[in-house]
Amino acid sequence: MSTFQAPKGTYDLLPPDSATYLAVREAIAAPLRGAGYGYIETPGFENVELFARGVGESTDIVTKEMYAFETKGGDRLALRPEGTASVLRAALEANLHKAGNLPVKLWYSGSYYRYERPQKGRYRHFSQVGAEAIGAEDPALDAELIILADQAYRSLGLRNFRILLNSLGDRECRPVYRAALQDFLRGLDLDEETLRRAEINPLRVLDDKREAVQKQLTGAPLLRDYLCDACKAYHEEVRELIGAAGVAFEDDTKLVRGLDYYTRTTFEFVHDGLGAQSAVGGGGRYDGLSEMIGGPELPSVGWALGVDRTVLALEAEGVELALPATTSVYAVPLGEEARRVLFAKVTELRKVGVSTDFCFGSKGMKAAMKSANRSGARYALLLGERDLAENVVQLKDMESGEQTALGLDEVVAELESRLG
Ligand code: AMP
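Here the structure is a predicted model, which means the values were calculated and not measured. (Residues numbered from 1 in each chain as written. Predicted model: local features only at pLDDT ≥ 70, side-chain atom pairs only at ≥ 80, totals over all residues. Heavy atoms only, no water.)

Concerning unusual backbone geometry
Step number 1: Cis geometry marks the peptide bond from P15 to P16; its omega dihedral reads 5 degrees.
Step number 2: Locating P16 in the fold gives a position in the segment before α1 (18-33).
Step number 3: Each neighbour pair has its own omega, and for L102 with P103 the value is 0 degrees, a cis peptide bond.
Step number 4: Within the secondary structure, P103 is located in the loop between α4 (84-93) and β5 (104-113).
Step number 5: Located in the positive-phi region is R264, a residue other than glycine, with phi close to 50 degrees.
Step number 6: Within the secondary structure, R264 sits in strand β9 (residues 263-271).
Step number 7: One non-glycine residue, N391, lies in the positive phi region at around 60 degrees.
Step number 8: Mapped onto the elements of the fold, N391 is located in the loop between α14 (385-390) and β15 (392-397). (Helix = DSSP H or I, 4+ residues; strand = E, 2+ residues; numbered from the N terminus.)

Here's the deal with the pattern of salt bridges
Step number 1: Tallied over the full model, the rule gives 32 salt bridges.
Step number 2: A salt bridge links E193 to R197, with the shortest nitrogen-to-oxygen separation between them at 3.9 Å. One end of the pair is E193 and the other is R197, both in helix α7 (residues 192-200) and four residues apart, which spans about a single turn.
Step number 3: Owing to a relative accessible area of 41%, E193 belongs among the partly exposed residues under this scheme.
Step number 4: Exposure remark for R197: the relative accessible area of 18% places this residue in the buried category.
Step number 5: Between R224 and D225 there is a salt bridge whose closest N-O contact spans 4.0 Å.
Step number 6: For R224, a relative accessible area of 49% translates into the label partly exposed.
Step number 7: For D225, a relative accessible area of 56% translates into the label exposed.
Step number 8: One salt-bridge network, held together by shared partners, links D60, K64, E193, R197 and R204. (Salt bridge = Lys/Arg side-chain N within 4 Å of Asp/Glu carboxyl O. Buried < 20%, exposed > 50% of the residue type's maximum accessible area, 1.4 Å probe, protein only.)

Quick notes on the sheet that holds strand β10 (residues 279-285)
Paired through their backbone hydrogen bonds, the strands of a sheet run either parallel or antiparallel.
Step number 1: Strand order in the open sheet formed by eight strands is β1-β5-β6-β11-β10-β9-β7-β8, with mixed pairing between adjacent strands. Here the strands that pair on one side only, and so sit at the sheet edges, are β1 (38-39) and β8 (250-251).
Step number 2: Sheet analysis places strand β7 (residues 161-167) next to β8, joined by two bridges and oriented parallel. The residue bridging L165 from the neighbouring strand is D251, located in β8. (Pairing = 2+ DSSP bridges.)

Notes on the pairing of strand β11 (residues 300-306)
Step number 1: Most of β11 is tucked away, with seven of its seven residues classed as buried.
Step number 2: Covered by surrounding structure in β11 are S300, G302, A304 and G306 together with V301, W303 and L305, the residues of both alternating faces.
Step number 3: Pairing between strand β6 (residues 125-134) and β11: seven bridges, direction antiparallel. Paired with A131 across the two strands is W303, which belongs to β11.
Step number 4: Sheet topology places β10 next to β11; five bridges connect them, and they run antiparallel. Along β11, the bridge assignment pairs G283 with W303.

A closer look at the nonpolar core
Step number 1: Counting 48 residues, the largest nonpolar core has F51, L88, L106, I134, L181, L185 and L203 as the members making the most contacts within it.
Step number 2: When near neighbours in sequence (up to four residues on either side) are disregarded, L185 contacts L190, L195, A198, P202, V205 and L217.
Step number 3: Membership of the second largest hydrophobic core comes to 43 residues, among which are L145, F269, V311 and A313. (Core = buried A, V, L, I, M, F, W, Y, C linked by side-chain atoms within 4.5 Å. Contact = heavy atoms within 4.5 Å.)

Looking at a positive patch on the surface
Step number 1: A cluster of basic residues, K363, K366, K370 and R374, forms a positive patch on the protein surface.
Step number 2: Within the secondary structure, K366 is located in helix α13 (residues 365-374).
Step number 3: A residue is classified by how much of its surface remains accessible, and K366, at 75% relative accessible area, is exposed. (Patch = residues over 30% accessible without salt bridge, like charges linked within 9 Å, V, L, I, M, F, W, Y side chains within 5 Å. Areas by Shrake-Rupley, 256 points an atom, 1.4 Å probe, with all protein chains shown as cover. Lys, Arg positive; Asp, Glu negative; His and termini not counted. Charge placed at Lys NZ, Arg CZ, Asp CG, Glu CD.)

Remarks on the site of the ligand
Step number 1: Within the structure, the ligand sits among 14 residues, and R114, E116, Y123, Q128 and R257 are positioned closest to it.
Step number 2: Within the contact set of the ligand, a nitrogen atom lies 2.5 Å away from a side-chain nitrogen or oxygen of E116.
Step number 3: Take Q128: an N or O atom from its side chain is 2.9 Å from an oxygen atom of the ligand.
Step number 4: Out of a free accessible area of 480 Å², the ligand has 92% covered by protein chains.
Step number 5: Only β6, β10 and β11 provide two or more residues apiece to the shell around the ligand.
Step number 6: By residue number, the principal contributor to the shell around the ligand is β10, which donates three residues.
Step number 7: Its residues placed into classes, the shell around the ligand shows five nonpolar, four polar and five charged. (Near = heavy atom within 4 Å. Polar contact = N/O pair within 3.5 Å; in protein donor to acceptor, adjacent residues only side chain to side chain. Nonpolar A, V, L, I, M, F, W, Y, C, P; charged D, E, K, R; others polar.)

A word on helix α12 (residues 336-351)
Step number 1: Under the 1.5 Å per step criterion, the end-to-end length of α12 is 23 Å for 16 residues, consistent within 8% with the ideal 22 Å.
Step number 2: For α12, the complete set of buried residues consists of A338, L342, K345, V346 and L349. Considered in projection along α12, the buried side chains sweep an arc of 110 degrees and stay on one side of the axis. Residues E336, R340 and K351 are exposed on α12 and point more than 90 degrees away from its buried face.
Step number 3: As for α12, its buried residues are in contact with β12 (329-333), β13 (356-358), β14 (379-383), α14, β15 and α15 (411-419).
Step number 4: A positive backbone phi angle near 95 degrees is found at G353, which sits one or two residues after α12. (Expected span 1.5 Å × (residues − 1). Arc of directions from axis to C-beta.)

Below you can see the structure in the form of structure tokens.
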């Protein structure tokens with residue numbers, strides 16, 4: 001029988017590389033934790049209707065990429081293709097917005113699923129860390145999120161990323177622009193599907209990656225020229241606050257992104273070392289989403305950063321994260337009695353917070369020291385028959401090679417003070 005393989009478009013995270021993924025998730029989460037965002041976790045699947053209404057019936061995500069299925073009980077569910085709709089659903093369901101403390105600031109980390117054509121940087125199962133600030137209309141909140149994402153990327157050592165910024169207008173000015181754009185698009189030589197898209201969601205045509213389409217779009221009306229005064233002032237304030245924080249950005253009047261729910265501020269983080277899948281993260285304001293999924297009016301803003309692509313960006317820039325070895329002490333027993341005694345010491349060391357590993361199985365001394373080396377441990381603890389008789393244990397400094405005998409009763413306190 002042949003062995004199984006990971007499904008198409010997916011891959012496994014394995015040590016040692018998986019440590020980088022953990023560190024990236026942690027680095028993205030750290031600035032959020034430090035800014036008052038609380039952790040939220042929602043199910044990996046939701047009612048399919050939530051995404052259809054929340055993400056948008058005309059988006060690729062909903063029409064082509066969703067893993068939707070019917071359960072044995074007849075429920076129509078879908079694996080989550082993104083985080084925002086679920087997080088807002090959960091916040092509304094728990095009435096977090098009624099606790100009298102708006103905005104509700106939440107962050108999350110998890111797996112997302114889209115049935116896409118797999119390629120480098122584009123998978124059917126991927127991982128995001130995201131943040132949502134629900135229930136406040138304040139340019140400082142939009143700015144805060146952009147600044148925190150910038151901080152996260154910088155703390156990882158990334159430099160070659162750019163922030164693209166745009167405003168999509170609101171329910172007052174966007175329809176006027178939408179109509180003008182539609183008029184323009186109807187006059188172009190477009191294929192049937194694109195024409196259909198122009199009728200349902202014309203802004204998304206601006207996002208078309210095909211060069212032939214992009215060529216025809218020269219001279220298309222720009223949203224910038226249609227923004228109402230309120231949207232203009234709001235956007236100007238966001239720009240100023242980000243600029244004052246020393247965060248560089250580029251105005252991108254064609255940035256619309258693939259989800260229907262965005263209003264006003266939209267942004268994308270792109271990395272120049274990633275080829276076609278250059279977006280490492282993105283987000284924006286979604287003032288209408290709550291009402292779209294049956295909630296009250298709750299203007300909100302958020303982003304999601306892709307963990308997989310952030311790791312690829314680190315590789316592209318040649319950034320090696322300084323990940324300390326996870327094991328500090330590696331314990332090697334020689335003989336049955338030594339094994340019992342040393343195993344007990346290992347548990348004691350772990351209890352006082354010294355990360356310790358043990359030589360399992362019956363390895364010879366040479367193989368055991370090889371494992372000690374591989375573990376990256378700073379110290380090896382060696383316990384033989386003679387040591388036992390003398391009530392000592394050998395402490396070997398793996399850097400200098402120096403070896404000293406320590407009393408069996410002192411070793412835990414000694415290592416705790418050296419490593420603690
Ligand atoms: P989106 O929800 O499409 O704006 O995605 C936000 C971020 O998630 C993107 O910038 C990517 O970093 C990441 N992402 C989205 N789709 C995929 C995918 N299929 N494979 C890997 N990463 C993805």
